[in-house]
Amino acid sequence: MPQERDILEQLSLLARASDVELVESRATLGKMEVALGAIAEGIAATDSQGNIEWCNSSFESIVRRRRDEILGHFAVEMLPLFRDGIEVARWRHPVVIAMDDELVDSEVFELCLEGRQRVLEISARPVCLLQHGKSIILTVRDITRSRIRERVLTEQKAFLQLLQKVTDAANSSDSEETVVRDVLSLVCAHGGWPAAFATRFPCPKPSSNRDCVCIWHLESEAHLPLKRQVEENRETLVKAAAELANTRRPVAISNPSGLAIPVLSGREVVAVLHFFSSASFASSDDLLERMSQVGVQLGRVVERKRAETALRQAHTALEQRVQERTRELAEANEALRAEVQQRRKAEALKDELVSTVSHELRTPLSSLLGFSEIMLDEEYPREQQCEFLNIIRNESLRLTQLINDFLDLQRLESGRMAYALEPVKLEPLFRDMRAMFEPTSGSHRFVLETAADLQDVQADPNRLKQVLTNLVSNAVKFSPQGGDILLRARNTDSFVEVMVEDHGIGMPREAIPKLFQKFYRVDNADTRKIGGTGLGLALIREIVEAHRGTVWVESEHGKGSRFYLTLPVL
């Protein structure tokens, strides 16, 4: 019996200790829940089916629901997400992606609840709990304010750049009319105005067109009614400009919809700028104030231009006499300079050609000679012989491609390149590129994106394949660390736009204008060890332009490159 009492006392002590630990655990969990509820980010946990089991107060605030309205409901229904105004498909929702054991890290979406749109940064992480199985931890951060600040800063920066462009355009223009026309074009491009009209003062009579400047920034069928309306009301606009010259204040106009901005030189109005929209818009004091700054900036330049014009007129006679006496000498000097430049250019091109060809031919020839001598001097196992023969074959193909590039360039420049144009589908060509490069490039992933309604292009299939091969080869070669290589095609008006994108070493901005010149190669530490003749992109440009298309590139050093080309559709 004493032994049984001892056992019962020990069991009682263990029970009390367990109760204490349980109380302490509950207290700890309560503190953790309070701590999670106090942070700004919304946090929610779901079961394996995506139904919310727990959330903090910040999550309640974000979805505008009470906790009892949230728990037990599908997370996708609580967070209806959008991107660029288009609702995110269910299978692309972060919670559904995380349910498939994929991590969603800091992706940005839009949430529209109760007529209010917010921008959210969402992460979804699948976790495995021993007792409860798989769960999804959802973290939601409201970044609406930061995005608004970014947008405001971007708008302010863009406006300051506009003022600088107005000044630069004015400084480079040779007449007041050119200044006004350039500024109209700049402001239209900045504000998205389809059309603009300007009246310069002093104006001889209200109906005069001599001092009126009219431009059309966006030529399309949608803006034809606006264009006709402005042209029919030209005289009325000139009269309205004369009346606005007395107020010296920018105003919104209603027929047609737009803005009227006075151009001030001191207190004198030297011009009035009208900007028109095809649809009604909401004017604001901030917009009028900014546009008035454009008027002031332009007014200062116009004043200076008028002073320069007067000075030029005063010296016209003297300049004409000097020009007559120096014309012959200038023509002779120009002819001599052009001849010297042509000779220097020819010499530089010859030297560059000899240097490039010598270097690019020496490398494969050295490999061919070296491995041939090795195989002649000694006997090697079959596997090693195959390895050497593969090297010889690859270097032979490289040498053949180099010679073909020179021959193709010669044919293009002489106009002897023939094209067999026919309807071509781009999607099979994309698949051919992936099949060609994927087996030998294990560190790259090839992603193909083609529109469902992608149109056929009118092209020579062999030459188009040559263009794509060069672009994809460059993408692989100049992204030595691997990564995604994207091939995308989409319809744009009467063309199809093709893009090849890599995430490699990229190139400096100053190299882009010269990139499609023959024999040009970016010279820096990243590219110096990568071979090439500088002919590939020159051939691409010649072939694409022969197809009535265009080619261009966007790149940033260290962040990869995107090559674009357009091809006409059938």
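Located above this text is the structure these notes cover.
What you see is a predicted model; the values in this text were computed from it and never measured.

Scoring rules and cut-offs
- Residues numbered from 1 in each chain as written.
- Predicted model: local features only at pLDDT ≥ 70, side-chain atom pairs only at ≥ 80, totals over all residues.
- Heavy atoms only, no water.
- Helix = DSSP H or I, 4+ residues; strand = E, 2+ residues; numbered from the N terminus.
- Buried < 20%, exposed > 50% of the residue type's maximum accessible area, 1.4 Å probe, protein only.
- Contact = heavy atoms within 4.5 Å.
- Areas by Shrake-Rupley, 256 points an atom, 1.4 Å probe, with all protein chains shown as cover.
- Salt bridge = Lys/Arg side-chain N within 4 Å of Asp/Glu carboxyl O.
- Patch = residues over 30% accessible without salt bridge, like charges linked within 9 Å, V, L, I, M, F, W, Y side chains within 5 Å.
- Lys, Arg positive; Asp, Glu negative; His and termini not counted.
- Charge placed at Lys NZ, Arg CZ, Asp CG, Glu CD.
- Pairing = 2+ DSSP bridges.
- Axes fitted to C-alpha atoms, helices over the stretch in contact; angles between N-to-C directions.
- Polar contact = N/O pair within 3.5 Å; in protein donor to acceptor, adjacent residues only side chain to side chain.
- Phe/Tyr/Trp six-rings, centres within 6.5 Å; stacked < 30°, edge-to-face > 60°.
- Lys NZ or Arg CZ within 6 Å of the ring centre and 35° of its normal.
- Left-handed = near helix turned anticlockwise from the far one by under 90°.
- Expected span 1.5 Å × (residues − 1).

S.K.: Before we move on, could you go through the overall build of the protein chain and cite the residues and values that matter?
M.R.: Tallying secondary structure elements over the protein chain gives 15 helices and 19 strands in all. Counting the 570 residues in the protein chain, one finds 37% classified as buried. For the protein chain, the proportion of contacts with a sequence separation of at least 24, taken over those separated by at least 6, is 58%. Carbon and sulfur atoms make up 51% of the accessible area of the protein chain, which amounts to about 34200 Å² in all.

S.K.: Tell me about the pattern of salt bridges, and name the residues and values.
M.R.: Opposite charge on two side chains permits them to pair, given that their charged atoms come into close proximity. All chains considered together, the criterion is met by 18 salt bridges. The residue Glu 121 makes a salt bridge to Arg 141 at a minimum N-O spacing of 3.6 Å. Of this pair, Glu 121 sits in strand β6 (residues 116-129) while Arg 141 is found in strand β7 (residues 133-142), placing the two residues 20 residues apart along the sequence. Judged by its relative accessible area of 22%, Glu 121 is partly exposed. Arg 141 gets classed as partly exposed once you look at its relative accessible area, which sits at 42%.

S.K.: Go over a positive patch on the surface with me, naming the residues and quoting the values.
M.R.: Residues Arg 64, Arg 116, Arg 145 and Arg 149 make up a contiguous surface patch of positive charge. Locating Arg 145 in the fold gives a position in helix α6 (residues 144-172). Classification of Arg 145 by relative accessible area gives exposed; the value is 69%.

S.K.: Any chance you could break down the sheet that holds strand β18 (residues 551-555) for me, citing the residues and the numbers?
M.R.: In spatial order, the strands read β14-β16-β17-β19-β18; together these 5 strands make up an open sheet with mixed pairing. Bordering the open sheet on either side are β14 (444-450) and β18, each of which pairs with just one other strand. Each neighbouring strand pair of the sheet contributes to a mean axis angle of 15°, computed without reference to strand direction. The sheet contact formed by strand β17 (residues 495-502) and strand β19 (residues 561-568) spans 8 bridges and is antiparallel. If you follow Val 496 over to β19, its bridge partner there is Leu 567.

S.K.: An account of the environment of Glu 107 is requested, with residue identities and associated values reported.
M.R.: Assignment of secondary structure puts Glu 107 in strand β5 (residues 104-113). Glu 107 sits 33 residues away from Val 140 along the chain, and the two C-alpha atoms are 9.8 Å apart. Not counting residues up to four positions away in its chain, the partners in contact with Glu 107 are Arg 83, Leu 120, Glu 121 and Ile 122. Among the polar contacts made by the side chain of Glu 107, one reaches the side chain of Arg 83 at a distance of 2.8 Å.

S.K.: Lay out the packing of aromatic side chains with the relevant residues and their values.
M.R.: The full count for this structure, using the stated rule, is 2 aromatic pairs. Ring geometry for Phe 516 against Phe 563: centres 6.5 Å apart, planes inclined by 80°, an arrangement best described as edge-to-face. Of this pair, Phe 516 sits in the loop between β17 and α15 (536-546) while Phe 563 sits in strand β19; the two residues are 47 residues apart in sequence, bridging distant segments of the chain. Just above the ring of Phe 159 sits the side chain of Arg 290; from NZ or CZ to the centre is 5.5 Å.

S.K.: Summarise the pairing of strand β8 (residues 195-200); cite the residues concerned and give the values.
M.R.: Extensive coverage of β8 is indicated by the burial of 6 of its 6 residues. Of the two faces of β8, the one holding Ala 195, Phe 197 and Thr 199 and the one holding Ala 196, Ala 198 and Arg 200 are both buried throughout. Bridge count for β8 against strand β12 (residues 268-276) is 6 bridges, and the pairing is antiparallel. Paired with Ala 198 across the two strands is Leu 273, which belongs to β12.

S.K.: A description of the packing of helix α14 (residues 461-477) against α15 should follow, citing residues and the corresponding values.
M.R.: Where α14 contacts α15, the two axes come as close as 10 Å, and the packing angle between them is 145°. As α14 packs across α15, the resulting crossing turns out to be left-handed. Within the contact between the two elements, α14 uses Arg 463, Gln 466, Val 467, Asn 470, Leu 471 and Asn 474 and α15 uses Gly 536, Leu 537, Leu 539, Ile 540, Ile 543 and Val 544.

S.K.: Explain helix α10 (residues 285-314) to me, and be specific about the residues and the numbers.
M.R.: A rise of 1.5 Å per residue sets the reference length of α10, with its 30 residues, at 44 Å; its end C-alpha atoms lie 44 Å apart and thus fit the reference within 8%. Residues of α10 that are buried in the fold lie against α6, α7 (176-191), β10 (251-254), β11 (257-265) and β12.

S.K.: Can you lay out the pairing of β12 for me, pointing to particular residues and giving the numbers?
M.R.: Counting buried residues along β12, 8 of its 9 residues qualify, which places the element largely inside the surrounding structure. Note: β11 against β12, 8 bridges, orientation antiparallel. Along β12, the bridge assignment pairs Ile 261 with Leu 273. In sequence, β11 turns back onto β12 through a hairpin of 2 residues, with Gly 266 there showing a positive phi of about 70°.

Any link to function would need more than the numbers given here.
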